[in-house]
Amino acid sequence: MKLAVAGAGAIGGYIGAKMARAGYDVTLFARGLHFEAMRDRGVRVRSKEGDFEVRPPVTDSLESIGPVDVVFLGIKAHSLPALAPRLPAVLGPETIVVSLQNGIPWWYFQGAGHLEAVDPGGCIAAAIEARRVIGSIVYLSTEITEPGVIRHNEGNRLTIGEPDGARSERCRLVSETLVRSGLRAPITTHIRQEIWVKLLGNIAFNPISALTGATLVQMARDRQVSTLVRAIMAETETVAGKLGISMPITIDQRIAGAEKVGEHKTSMLQDLEAGRPLELEAIVGAVLELGERLGIAMPHTRAVYACAKMLEKRRWGVQ
């Protein structure tokens, strides 16, 4: 089986390195200094589970890879529209596409419209047929500490599932590949529900952390901030409910879970501190777009989003 990771950054590079160490034929696609370092010196993973180094093929050209059996999309959601038109270069007749993006993924409404916040003009859906997609939810924390070096902080789980909730042989195949690579890869028949469960925390904690610099436990324990977090979560829960999604946990349980994680910086705060653009549209903008379509007022979410957008505009000129 031939594999590729399109976007071998912190998450994609770590998953690709684990697969390479397990002996799989996997090619990593990356850009810039990170690409050059991995190409010249291999991928170096630093983890309390044990450091290791691998030297899989690394390229900055998708066209040089050719069609593969499975492609893992490790690129951030806001970068996917620019990459999508080039993805057919790695797509054979039956290529499986595993999405690793945070927030509402582009495929969520594929075939019934699209969300402009995550798939402007429907360009991603046009490049990746719906039948190819397997959804995933990433529950691990990694970061690039220097070009070619990935630090694994915690977690090793990628929940995967068919968008229609079916149990499939191809999900079993992808899960088996990940498990043999040393990752946990449970298969769910409720991928859409689980996306909203993770999003319930991310939509509140991520932008607030970027605005304040606070960790999860600091936000959860602050009386005023936790009140705001609850309000944003309640608005998000209303949107999910209109889409037929029933949350299996309460807002209080979600906040308590975040508090238990402790002094952890959200991915959005880590991106801000590293000088990288924020995943604001997939995590927040898409839900606000849905709220508008469904006629749901989301004043708390919109206020935090507006402040985070101003932060983006001042830092990177993002409109």
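### Side note on the overall build of the protein
Line of reasoning, step 1. In terms of regular secondary structure, the protein is built from 12 helices and nine strands.
Line of reasoning, step 2. Computed over its C-alpha atoms, the radius of gyration of the protein comes to 19 Å, within 12% of the 20 Å expected for a compact globule of 319 residues.
Line of reasoning, step 3. Projected onto the principal axes, the alpha-carbon positions of the protein cover approximately 50 × 40 × 35 Å.
Line of reasoning, step 4. Going through the 319 residues of the protein one by one, you find that 55% of them count as buried.
Line of reasoning, step 5. Long-range pairs, those at least 24 residues apart, make up 72% of the contacts in the protein between residues at least 6 apart in sequence.

### Structural notes on the environment of Arg44
Line of reasoning, step 1. Tracing the sequence through the fold places Arg44 in strand β3 (residues 43–47).
Line of reasoning, step 2. For the pair Arg44 and Glu281, spaced 237 residues apart in sequence, the C-alpha to C-alpha distance is 31 Å.
Line of reasoning, step 3. Those residues within four positions of Arg44 in sequence are excluded, and the remaining contacts are Phe52, Glu53, Glu146, Pro147, Gly148, Val149 and Ile150.

### Examining the pairing of strand β6 (residues 68–73)
Strand residues, when the strand is regular, have side chains that alternate between the two faces of the sheet.
Line of reasoning, step 1. Judged by how many residues are buried, β6 sits mostly within the fold: five of six residues are covered.
Line of reasoning, step 2. Bridge count between strand β1 (residues 2–6) and β6: four bridges; the pairing is parallel. Looking across to β6, one finds that Ala6 is bridged to Leu73.
Line of reasoning, step 3. Bridge analysis of β6 against strand β7 (residues 91–99) gives five bridges, and the strand direction is parallel. Following the sheet pairing, Val68 is matched in β7 by Leu91.

### Describing helix α9 (residues 251–261)
Given 3.6 residues per helical turn, the α-helix brings residues three or four places apart onto the same face.
Line of reasoning, step 1. Within α9 the residues assigned to the buried category are Ile251, Arg254, Ile255 and Ala258. Projection of α9 onto a plane perpendicular to its axis shows the buried side chains occupying an angular sector of 95°, all on one side.
Line of reasoning, step 2. Among the residues trailing α9, Gly262 stands out with phi positive, at a value near 90°.

### Points about the packing of aromatic side chains
Line of reasoning, step 1. Under the criterion given, the structure shown has two aromatic pairs.
Line of reasoning, step 2. Ring centres of Trp107 and Tyr108 lie 6.1 Å apart, and the angle between their planes is 25°; this geometry places the pair in the stacked category.
Line of reasoning, step 3. A residue is classified by how much of its surface remains accessible, and Trp107, at 4% relative accessible area, is buried.
Line of reasoning, step 4. Both rings, one in Tyr108 and one in Phe109, keep their centres 4.9 Å apart while their planes meet at 65°; by these two values the pair is edge-to-face.
Line of reasoning, step 5. Residue Tyr108 is classed as buried on the basis of its relative accessible area of 7%.
Line of reasoning, step 6. Taken together, the ring pairs in this structure connect Trp107, Tyr108 and Phe109 into an aromatic cluster.
Line of reasoning, step 7. Across the ring face of Tyr139, the terminal group of Lys198 is positioned such that the distance to the ring centre comes to 5.5 Å.

### Regarding the pattern of salt bridges
Pairing between side chains becomes possible if they bear opposite charge and their charged atoms approach one another.
Line of reasoning, step 1. A complete count under the given rule lists 20 salt bridges for this structure.
Line of reasoning, step 2. Here Arg39 and Asp40 are joined by a salt bridge, their closest N and O atoms 2.9 Å apart.
Line of reasoning, step 3. For Lys265, the salt bridge identified is with Glu273, shortest N-O distance 2.9 Å.
Line of reasoning, step 4. Connected through salt bridges with shared partners, the residues Glu94, Glu129, Arg131 and Arg132 form a single ionic network.

### Brief notes about the environment of Leu290
Line of reasoning, step 1. Within the element layout of this structure, Leu290 appears in helix α11 (residues 280–294).
Line of reasoning, step 2. When its relative accessible area of 4% is taken as the criterion, Leu290 is described as buried.
Line of reasoning, step 3. Sequence separation between Leu290 and Ala214 is 76 residues; the distance between their C-alpha atoms is 28 Å.
Line of reasoning, step 4. Beyond its immediate stretch of four places on either side in the chain, Leu290 contacts Phe109, Leu115, Trp196, Val239 and Leu243.

### Things to note about the sheet that holds strand β4 (residues 52–54)
Line of reasoning, step 1. Pairing in this open sheet of nine strands is mixed, and the strands run β4-β3-β9-β8-β7-β6-β1-β2-β5 from one edge to the other. Since the sheet does not close on itself, it has two edges, and those belong to β4 and β5 (58–59), each with one partner.
Line of reasoning, step 2. The pairing of β1 with strand β2 (residues 25–29) spans five bridges and is classified as parallel. Counted as the bridge partner of Val5 is Leu28 from β2.
Line of reasoning, step 3. Contacting β1, β2, β3, β4, β6, β8 (133–146) and β9 (149–161), helix α1 (residues 10–21) runs over the sheet at an angle of about 100° to β8.
Line of reasoning, step 4. Lying on the sheet, helix α6 (residues 191–212) is in contact with β8 and β9; it crosses β8 at an angle near 35°.

### Considering the packing of α11 against helix α12 (residues 299–316)
Line of reasoning, step 1. Interhelical geometry of α11 versus α12 gives an angle of 140° and a closest axis separation of 11 Å. Viewed along their axes, α11 and α12 adopt a mutual orientation that is oblique. Crossing of α11 against α12: the hand is left-handed. Where α11 abuts α12, its residues Leu280, Glu281, Val284, Gly285, Leu288 and Glu292 lie against Thr301, Arg302, Tyr305, Ala308, Lys309 and Glu312.
Line of reasoning, step 2. The residue makeup of the contact of α11 with α12, split by class, is five nonpolar, two polar and five charged.

About the cut-offs
- Residues numbered from 1 in each chain as written.
- Predicted model: local features only at pLDDT ≥ 70, side-chain atom pairs only at ≥ 80, totals over all residues.
- Heavy atoms only, no water.
- Helix = DSSP H or I, 4+ residues; strand = E, 2+ residues; numbered from the N terminus.
- Rg over C-alpha atoms; globule rule 2.2 N^0.38 Å.
- Buried < 20%, exposed > 50% of the residue type's maximum accessible area, 1.4 Å probe, protein only.
- Contact = heavy atoms within 4.5 Å.
- Pairing = 2+ DSSP bridges.
- Arc of directions from axis to C-beta.
- Phe/Tyr/Trp six-rings, centres within 6.5 Å; stacked < 30°, edge-to-face > 60°.
- Lys NZ or Arg CZ within 6 Å of the ring centre and 35° of its normal.
- Salt bridge = Lys/Arg side-chain N within 4 Å of Asp/Glu carboxyl O.
- Axes fitted to C-alpha atoms, helices over the stretch in contact; angles between N-to-C directions.
- Parallel < 35°, antiparallel > 145°, perpendicular 65-115°, else oblique.
- Left-handed = near helix turned anticlockwise from the far one by under 90°.
- Nonpolar A, V, L, I, M, F, W, Y, C, P; charged D, E, K, R; others polar.

None of the figures reported here should be taken as evidence of function without further support.
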